[in-house]
Amino acid sequence: KILVTGSLGQIGSELVLKLRREYGKGSVIASDIRRPSNHFVESGPFEIVDVMDGTRVVEVVKKYEVDSIIHLAALLSALAETKPLQAWNLNMGGLINVLEAARELELKVFVPSSISAFGPGTPKWRTPQITIQRPSTMYGINKVAGELLCDYYFHKYGLDTRGVRFPGLISYGAPPGGGTTDYAVEIYSEAIRKKSYTCFVSQETCLDMMYMPDALNAVVHLMEADPGTLTCRNSYNITAMSVTPEDIANEIKRHIPSFVIDYKIDPVRQSIADSWPSSLDDSAARQDWGFNAEFDLVEMTKDMLEKVKKKRS
Ligand code: VAH
């Protein structure tokens, strides 16, 4: 049985449905701090869980005899910069509660890291699996501390912790939740809705990005990997494409020739994006557990526009 925290977020809302398809509805307990819309309730068990309440986490784990936790509840980068103390408390307090519950009940834990775990001093191209990590954002500090904490629980208690460093994720399921890479999500729905988009980072901002189906496959493949093959648990670099808003806009124009993009830079999110790498070296993930992204910009754009159109009809 798998407990997913932060199930109503950008990753959680799609991961829960995928896991339920893979393992059966009753095997995946979705949870979040607020009640879901009905499609979640219908598709399987749901519990209100505030990860800041450690006893509640243990209670739900025991109630359903959970053996794995996928911990997604967090404040994302842009939001975290507006309330850094709350971000620290939730991102680190929630994580330690999950790790303590997992230690006590011997669970397997997946905790996502992110390209935000790297900072301005990190090599931006083919960022190595092991390299300098001095992020300049609260969220990035939380991600690096989270990676170290998960490795600590693995080495000190033998806890089976695993994680990947996600690029910016692009999806059409849930609305973006306060991330810096939200422009890459919004641009597709705006292209369909009004054939134009005003982007809050500059046209040459090049970041490592990934389509949600590849991200969800990475979670499943890493969680199913033989532990003996894992050479670096928290957290594996994974990558799919290095794109700028201009690259995305040009690809959209191939489908919607009248689409126009303009730019109104948000200095806060621009400075966050400028501190992140453009492409990661994912050779360790490929070697250890066969990671391989299937979607590039062309394939993703075709699928995204189709799915966003269908969602609106
Ligand atoms: C964010 N989407 O923007 C997340 C992610 C790499 C970006 O961590 O905060």
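Residues numbered from 1 in each chain as written. Predicted model: local features only at pLDDT ≥ 70, side-chain atom pairs only at ≥ 80, totals over all residues. Heavy atoms only, no water.

**Details of the site of the ligand**
What counts here: The near set for a molecule or strand comprises every residue that places at least one heavy atom within 4 Å of it. The definition of a polar contact used here is a pair of N or O atoms within 3.5 Å, where within protein one atom must be able to donate a hydrogen and the other to accept one, and adjacent residues in sequence count solely through side-chain atom pairs. Where accessible areas are quoted, they stem from the Shrake-Rupley method and a 1.4 Å probe; at the residue level, only the protein chains shown are allowed to cover. Three residue categories are used. Nonpolar comprises Ala, Val, Leu, Ile, Met, Phe, Trp, Tyr, Cys and Pro, charged comprises Asp, Glu, Lys and Arg, and polar comprises the others, including Gly.
Neighbouring the ligand are L76, S77, S114, I115, Y139, P167, G168, G179, T180, T181 and W276. At a separation of 2.6 Å, an oxygen atom of the ligand approaches a polar side-chain atom of S77. Taking Y139, its side chain carries an N or O atom lying 3.0 Å from an oxygen atom of the ligand. Taken by itself the ligand offers 280 Å² of open surface, and the protein chains cover 95% of this. Considered class by class, the residues forming the shell around the ligand number 5 nonpolar, 6 polar and no charged.

**Description of the environment of D281**
The criterion, for reference: Under the DSSP-based scheme used, a helix requires at least four consecutive residues in state H or I and a strand at least two consecutive residues in state E, with every element numbered from the N terminus. By the convention used here, residues are in contact when the closest approach between their heavy atoms is within 4.5 Å.
You can see D281 is positioned in the loop between α10 (267-274) and α11 (283-289). The sequence separation of D281 and T161 amounts to 120 residues, and the corresponding C-alpha distance is 21 Å. If we ignore the near neighbours within four places in the chain, the residues touching D281 are R126, T127, P128 and N237. Looking at D281, its side chain comes within polar contact range of the side chain of S283, at 2.6 Å.

**Observations concerning the pattern of salt bridges**
Inclusion rule: For salt bridges, the criterion is a side-chain nitrogen of Lys or Arg within 4 Å of an Asp or Glu carboxyl oxygen. Here the term buried applies to any residue with accessible area under 20% of the maximum for its type, exposed to any over 50%, and partly exposed to those in between, with areas from a 1.4 Å probe on protein chains only.
With the rule as written, the count across this model stands at 16 salt bridges. The partner of K307 in a salt bridge is D303, and the shortest N-O contact between them spans 2.8 Å. In this pair, K307 and D303 both sit in helix α12 (residues 297-312), 4 residues apart, roughly one turn of the helix. A relative accessible area of 22% places K307 in the partly exposed class.

**Examining the UniProt feature "domain: NAD-dependent epimerase/dehydratase" (unreviewed entry) in the protein**
Short version of the rule: UniProt positions are given in the numbering used here, feature names are shortened, and annotations may be inferred rather than shown by experiment.
The sites that carry the UniProt feature "domain: NAD-dependent epimerase/dehydratase" (unreviewed entry) are, in the present numbering, residues 2-225. Note that residues 2-225 is 46% helix and 17% strand, and that its end C-alpha atoms are spaced 16 Å apart.

**A closer look at helix α5 (residues 84-105)**
Our working rule: Expected span of a helix, by definition, is 1.5 Å for each gap between consecutive residues, and there is one gap fewer than residues.
The end-to-end C-alpha distance of α5, which contains 22 residues, comes to 31 Å, matching closely the 32 Å that a straight helix rising 1.5 Å per residue would cover. Those residues of α5 not exposed but buried are A87, N91, M92, G93, G94, L95, N97, V98, L99, A101 and A102. Elements that come into contact with the buried residues of α5 comprise α3 (54-64), β4 (68-71), α4 (77-82), β5 (108-110), α6 (138-157) and β7 (160-162). Count one or two residues on from α5 and you reach E106, which has phi positive near 55°.

**Quick notes on the sheet that holds strand β3 (residues 46-48)**
To keep things clear, this is the line we draw: Pairing between strands is defined by DSSP: at least two bridges between the two strands are required. Every axis corresponds to a line fitted to the C-alpha atoms, with the helix fit spanning only the stretch in contact, and the corresponding angles, defined between N-to-C directions, vary from 0 to 180 degrees.
An order of β3-β2-β1-β4-β5-β7 is seen for the 6 strands of this open sheet, with the pairing classed as parallel. Each edge of the open sheet is held by one strand with a lone partner, namely β3 and β7. Looking at each pair of strands side by side, their axes are set apart by 20° on average, direction ignored. Across 3 bridges, the pairing between strand β2 (residues 28-32) and β3 is parallel. Within β3, the position partnered with D32 by the bridge is I48. Along the sheet, helix α1 (residues 12-23) makes contact with β1 (2-5), β2 and β4, crossing β2 at roughly 165°. Of the strands in this sheet, β4, β5 and β7 touch α5, which is tilted by about 170° from β4.

**A word on the side chain of R162**
Mapped onto the fold, R162 is located in strand β7. Since its relative accessible area comes to 1%, R162 is described here as buried. Engagement of the side chain of R162 in a polar contact is seen with the backbone oxygen of M223, the distance being 3.4 Å. Apart from residues lying up to four places away in sequence, R162 is in contact with K108, V109, F110, V111, L222, M223, E224, A225, P227, L230, R233 and N234.

**Considerations on the packing of aromatic side chains**
To be explicit about the condition: The rule is short: rings of Phe, Tyr and Trp, with Trp giving its six-membered ring, pair when the centres are within 6.5 Å, and they are stacked under 30 degrees, edge-to-face over 60, tilted in between. Working rule: Lys NZ or Arg CZ, within 6 Å of ring centre, within 35 degrees of ring normal, means a charge sits over the ring.
Scanning the model with the defined rule gives 8 aromatic pairs in all. Ring plane angle 50° and centroid distance 5.1 Å describe the contact between Y153 and Y157, whose orientation is recorded as tilted. Residue Y153 and its partner Y157 are both found in helix α6; the two are separated by 4 residues, about one turn of the helix. Among the residues examined, Y157 registers a relative accessible area of 38% and is labelled partly exposed. Judged by centre distance (5.7 Å) and plane angle (85°), the rings of Y236 and W289 are edge-to-face. Highlighted residues: Y236 in strand β12 (residues 236-237) and W289 in helix α11, separated in sequence by 53 residues. With respect to burial, Y236 and W289 carry one shared label: buried. An aromatic cluster of at least three residues, connected via ring pairs, comprises Y152, Y153 and Y157. Its end group placed over the ring of Y157, R103 keeps NZ or CZ at 4.9 Å from the ring centre.

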